Amino acid sequence: MSGGAVRPPRLARWLIQRGLPPEAAEAIAGDLDERFSDDLRRGASPSRARLRYWRQALASVAVARGRREFSTREVSMPRASVLTGVTSDVRFVLRGFARTPGYVAVAVLSLAIGIGANVATLSVTRAILLQDLPVERPRELRWVSWSHPKGVRVGNYNSSNDSNYSYPAYEAVRNVAGSRIQLLGFNFAPRLSLIASGRAPVAANGMMVSGDYFTTLGLGVILGRPLGDDDNRPGAPRVAVIGNDLWQRLFDSRPDVVGHSIRINDVDFEIVGVTPRRYVGLSIGGFFRPTDITVPLSAQPIVAPYVAGRADIMSDPTRLWIHIIARLPDAAQGEAFRQSAQIALAPMDAALAGSTAVTGATAVTLSPANRGVDQVARRAGEPLEVLTGASVLVLLIACANLAGLMLARGIARSRETAVRRALGASRATLIRQWVIEGLILALAGGACGVVVAIWSGPAIVHLLTTGLGPVAIELSADWGLIALGLGLTIATAVLGAALPAWRLTRAGATTDLRTQVIGASSPRLTIGRVLIAVQIAISVPLLVGALLFVQTLRNLSAVDLGFDPRGLVEFQINLPGPVAIPGRGAQPMTAETAGLTRNLLTALEAIPGVSSATLVENPLVSGISSNWGATIDGKSVPMAMQAVGPHFFETMRIPLLAGRAITDRDIATAPLVAVVNRATVGRAFHGASPIGKTMLVGTRELTIVGVVDNSIYESLRRQPQPTFYDSYLQRPGMTLSPYVTLRTVVSPATLVAPVTAAVAALAPTAPLTNFKTQTDQIAETTGEERVFSRLLTLFAGFAMALAGIGLYGLTSYAVARRTNEIGIRIALGAARTQVQRLMLRQVVVLAALGLAAGVPLALLSSRFIATLVFGVTPRDPSTLVEVAITMLVAAIAAGWLPARRASRLEPLSALRTE
Amino acid sequence: MRRHLGELEQVLLLALVHLGEDAYGAGIARLIADRTGRVLSPGAIYTALERLERRGFVTSRWGDPTPERGGKRKRHYRLRAAGVAAIRDAQRALAQMARGLKARVELE
């Protein structure tokens, strides 16, 4: 350092100014400056002088502040405002945290998982079970259901909703509604083939609606106009309103899209409007996908030709294909409307009844339609219950853990507490500080928890709805969610902190002041034991659930499929061609389409690596099956049915037991044939050969030509049912969107390009979707079980780890408390093993108590998972025994180290404590 | 009022006896360092002096700022009668304890 005035370090001086009261700062800074120049004068190097300055400045601040922390809080500023007290408490607590990062980490982590799991589950629950359709005032909407008298044959196109109306019936109801009541009619039109000019064909989900659909729902469009009454008049131009997603994908969000045309199933429609992003139609997902494109009911011959009967669909009272929703804000008005509708519909039943005698009366009922066609809730409801239950348990454990941790921390600081009590701190002050400590921990945990929730929410939705296709479930991190997280957090803090605070501040201050270390006079910690037992008890149902789902997964993967899923690739395709002709009803596949289909399969089989290709109505193990009552020998037999293409059994490797398979010659003009499975032979033919026999399915008479072995159809959980396979090429009224299945010896990824090319070459207007392997398809259906087994295993492991940490701490404490006694015992000749047993006894007792409470809890909660487990009973005794043993072993392991330490105590040093 | 004095307190009170009217933080620290080789931080000195002041053993006043102190005022401390009595008692007690031990611990 050359010449000039050497100055004291400025930062150190600033530290003194900031860190000390002004008067002390002045005196101290002055002294330090003086010493600094002294040092320099005596020949010290500037850096040495500066170093001394720093050291003394830091020491001064530390000494002065340390004293303040000790004496000023309760002694010199007892009348400080509440807020000052709180801020100094917060600072005090934070300083304490910095000294014990492990404690903070365990507490925050457990709270984050507990709170996060709950917020995530509750937000998903709210979205899936409670969220209304994104329409205006959804709570005013009512389904108008029409239940028919006994004896009326209801030719429902789909049986998932009983409230189907024929067009004349719809008009009758609409006339009753008049202009006072808003009312809409609709039906879904799934899997439409759409082509926008210059784009590859896409598959989209449509809905056909009456003219007052948009006004009844109170929905607007972001471009163009909604559909209106005029669009449903006979001879009106074909128009469509497209969804936001299609607008982006097919038209790059062009603002001038209105007026452009889009081909739906090979027919041109004019685009008249674009719906907003939130628009989903009347279903948020499930069997009926969210709506991509909306067309008038009059578009039915193009978008849903299969619903047509033999007569004109607009006048045929026997074709039921329209659902009705009305807006009825006023209950009295609703009742009047219901009665009028019932009277108006009565004559319609006569037309439906046919020759059968009608008994009973027509009934019209109203039910809430605020959630539209709600299939997701039904599917996800049960798993959600399990998730909710599990996350509540985890939160309880986190609370118990927090309480235990704070209690332990309190014991460690009992001397400090006693000193502060002695110095005049009121009990309320101390409790407040504990609660603040709990609150800070809970807030940190809660903040992490909300992050966990936001991150895991969509994942949970995805898991709960796998196999349902796309669902429009909006999870929003809104104020409700944050308030929920906050509420849980505060409840947790109060639960976790208040108890130990109460307990610790009650202890006699003078006793604790005298004890320097934990010893015989320290409390026995009954609350701590109870908390550990509670944690063990709550862990039991989690562990039982985890084991049950692990076994379920194992059982599901061990199910004998009856076909070979390896090397199977499937995709869905929309074949062109009419399936129904107005006035003539559902049609079998035309010779032209059948020819195209055959050529397509041949072309696919020609791709290198593909050994065979076939068609199938429903992909195997997808959760979907078709079911129909067949009449065999005059008796009705409930059967599953599956329309398949040529080479189906060969492709799937389902063994043919007798007769022949379905071939490419089984087309519409050939005699109708069926192949039945082994289960049918046992059930309907009592083991005799069914070949050559006939079965009546609806109005079709099928001749049985072959028998195949049983195989899994709809679900791994469902034993093979009596099933018949008919020919896809001769089934009338098919939607013509079959799945194509390929058996391949090469990697599925390499097939995408050649398969797409082969389809594009033969059927350029046919969109191709849902490309996946059969093993992926099966894995998808067991996704829920995999998630549960993983999640519950995680939760259970976490719960056990927390309980283990608690037990370890408790045993260590007990050892410390009884060191003296142990020393005496060893001195008097107790064996090491006896000492260990003594210390472990309390661990075993606690574990046993926890188990005694936990096993009934597990039995009680088993009913929630009764329908979700497979191949194992929810009250499986061996699982309970396994859990009990695991718990005991874990508990003993946790207590082992401190117990061992106790047994190794030197008797003399042990006696010297205290 | 408790009369007992800690070791640091005794050292400080003795320093005040040495320095008389001129006692202030840096001077006290210098004296202690010169006589005992012990370096005390100003913080420690003032904390202890404040405590002694509360107990009525010393009084303090603000002095004038000087340039070598960066324009900061000095805090001067002076013994009070109670302080003199306290240090005398403490020294006496110590001497009583040390009597007859000269040979063993080489006290002067």
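Residues numbered from 1 in each chain as written. Chains lettered and ligands numbered in written order. Predicted model: local features only at pLDDT ≥ 70, side-chain atom pairs only at ≥ 80, totals over all residues.

## Some details on the overall build of chain A
The helix and strand inventory of chain A stands at 26 helices and 23 strands. Here chain A holds 914 residues, and 45% of them are scored as buried. (Helix = DSSP H or I, 4+ residues; strand = E, 2+ residues; numbered from the N terminus. Buried ≥ 20, exposed ≤ 12 C-beta atoms within 10 Å, placed from the backbone.)

## What about the environment of Val451(A)?
Residues and elements named next belong to chain A. Note that Val-451 resides in helix H13 (residues 427-464). Taking the C-beta count within 10 Å as the criterion, Val-451 has 15 such neighbours and is therefore assigned partly exposed. Counting along the chain gives 335 residues from Val-451 to Gly-116, while the straight-line C-alpha distance between them is 7.3 Å.

## A short note on the pairing of strand S14 (residues 610-616) of chain A
Residues and elements named next belong to chain A. Within S14, 5 of the 7 residues are buried, leaving the element largely enclosed by the surrounding structure. Looking at chain direction, S14 and strand S22 (residues 739-744) are connected through 6 bridges and run antiparallel. Bridge pairing links Ala-613 to Leu-742 in S22. (Pairing = 2+ DSSP bridges.)

## Brief notes about the environment of Tyr46(B)
Tracing the chain through its elements places Tyr46(B) in helix H3 (residues 42-54). The class of Tyr46(B) is buried, set by 25 C-beta atoms lying within 10 Å. Sequence separation between Tyr46(B) and Arg75(B) is 29 residues, and the spatial gap between their C-alpha atoms is 9.3 Å. Leaving out residues up to four positions away in the same chain, Tyr46(B) has contacts with Ala24(A), Ala27(A), Ile28(A) and Gly25(B). (Contact = placed C-beta atoms within 7 Å.)

## What to know about the nonpolar core
Residue and element names in this part refer to chain A. Residues Val-173, Met-208, Ala-240, Val-394 and Ala-799 are the most contacted members of the largest nonpolar core, which totals 171 residues. Residue assignment places this core across two domains, with domain 2 (138-368) and domain 3 (377-557 + 783-912) each supplying three or more. Ignoring anything within four residues of it in the chain, the contact list for Val-394 reads Ile-113, Gly-114, Ala-117, Phe-795 and Ala-799. (Core = buried A, V, L, I, M, F, W, Y, C linked by C-beta atoms within 7 Å. Domains from an automatic or database assignment.)

## Brief notes about the packing of helix H22 (residues 783-817) of chain A against helix H24 (residues 832-865) of chain A
Residues and elements named next belong to chain A. It is the contact of H22 with H24, at a shortest axis distance of 10 Å, that shows an interaxial angle of 145 degrees. Two packed elements cross with a definite hand, and for H22 against H24 that hand is right-handed. Within the contact between the two elements, H22 uses Leu-807, Thr-811, Ala-814 and Val-815 and H24 uses Met-839, Gln-842, Val-843 and Leu-846. Classifying every residue of the contact of H22 with H24 by side-chain character gives 6 nonpolar, 2 polar and no charged. (Axes fitted to C-alpha atoms, helices over the stretch in contact; angles between N-to-C directions. Left-handed = near helix turned anticlockwise from the far one by under 90°. Nonpolar A, V, L, I, M, F, W, Y, C, P; charged D, E, K, R; others polar.)

## Section: the packing of helix H2 (residues 22-41) of chain A against H3(B)
Following both chains from N to C, one finds H2(A) and H3(B) inclined at 135 degrees, their axes separated by 9 Å at the closest point. Judged on the interaxial angle alone, H3(B) and H2(A) are oblique. At the point where H2(A) passes H3(B), the crossing takes the right-handed sense. In this structure, H2(A) uses Ala24(A), Ala27(A), Ile28(A), Asp31(A) and Leu32(A) to contact H3(B), whose residues at the interface are Pro42(B), Gly43(B) and Tyr46(B). Partitioned by chemical class, the residues of the contact of H2(A) with H3(B) number 6 nonpolar, 1 polar and 1 charged. (Parallel < 35°, antiparallel > 145°, perpendicular 65-115°, else oblique.)

## Brief notes about the interface of chain B and chain A
Counting residues at the interface gives 16 residues for chain B, matched by 19 residues for chain A. When contributions to the side of chain B that touches chain A are tallied by element, the ones reaching two or more residues are helix H2 (25-36) and H3 of chain B. For the side of chain B that touches chain A, the element with the most residues is H3(B), which contributes 5 residues. In terms of residue class, the side of chain B that touches chain A is built from 5 nonpolar, 5 polar and 6 charged.

## Describing H24(A)
Residues and elements named next belong to chain A. When the terminal C-alpha atoms of H24 are compared, their 46 Å separation across 34 residues agrees well with the 50 Å that a helix rising 1.5 Å per residue should span. Leu-840 marks where H24 bends most, by close to 30 degrees. Where H24 is concerned, the buried positions are Val-835, Met-839, Val-843, Leu-846, Ala-847, Gly-850, Leu-851, Gly-854, Ala-858, Ser-861, Ser-862 and Ile-865. (Expected span 1.5 Å × (residues − 1). Bend = angle between axes of the 7 residues up to and from the residue.)

## Quick look at the confidence of the model for chain A
When pLDDT is low, close inspection of the predicted coordinates is not appropriate. All names here are of chain A. When the pLDDT values of chain A are averaged, the result is 81; 86% of them are 70 or greater. This stretch, residues 68-82, has a pLDDT under 50; its non-local contacts, to residues over four places away or in other chains, come to 12 contacts. Ignoring residues within four places in sequence, the model shows residues 155-162, a span with pLDDT below 50, making 14 contacts including any to other chains. (pLDDT = per-residue confidence, 0-100.)

## Side note on the environment of Leu393(A)
All names here are of chain A. By the secondary structure assignment, Leu-393 is in helix H11 (residues 376-412). We classify Leu-393 as buried; it has 25 C-beta atoms within 10 Å. Along the sequence, Leu-393 and Asn-118 sit 275 residues apart, while their C-alpha atoms lie 9.6 Å from each other. Discounting chain neighbours no more than four positions away, the residues touching Leu-393 are Ile-538, Pro-541 and Leu-542.

## With respect to unusual backbone geometry
Residue and element names in this part refer to chain A. For Asn-265, which is not a glycine, the phi torsion comes out positive at approximately 45 degrees. Relative to the elements of secondary structure, Asn-265 occurs in the loop between strand S6 (261-264) and strand S7 (267-274). We classify Asn-265 as buried; it has 25 C-beta atoms within 10 Å.

## Describing the confidence of the model for chain B
Residues and elements named next belong to chain B. Averaged over chain B, the pLDDT score is 83; the fraction of residues at 70 or greater is 91%. Within chain B, helix H1 (residues 7-19) carries the highest mean pLDDT (88), whereas helix H5 (residues 102-105) carries the lowest (65). Here the complex is predicted with pTM 0.64, and the ipTM for its interfaces comes to 0.77.

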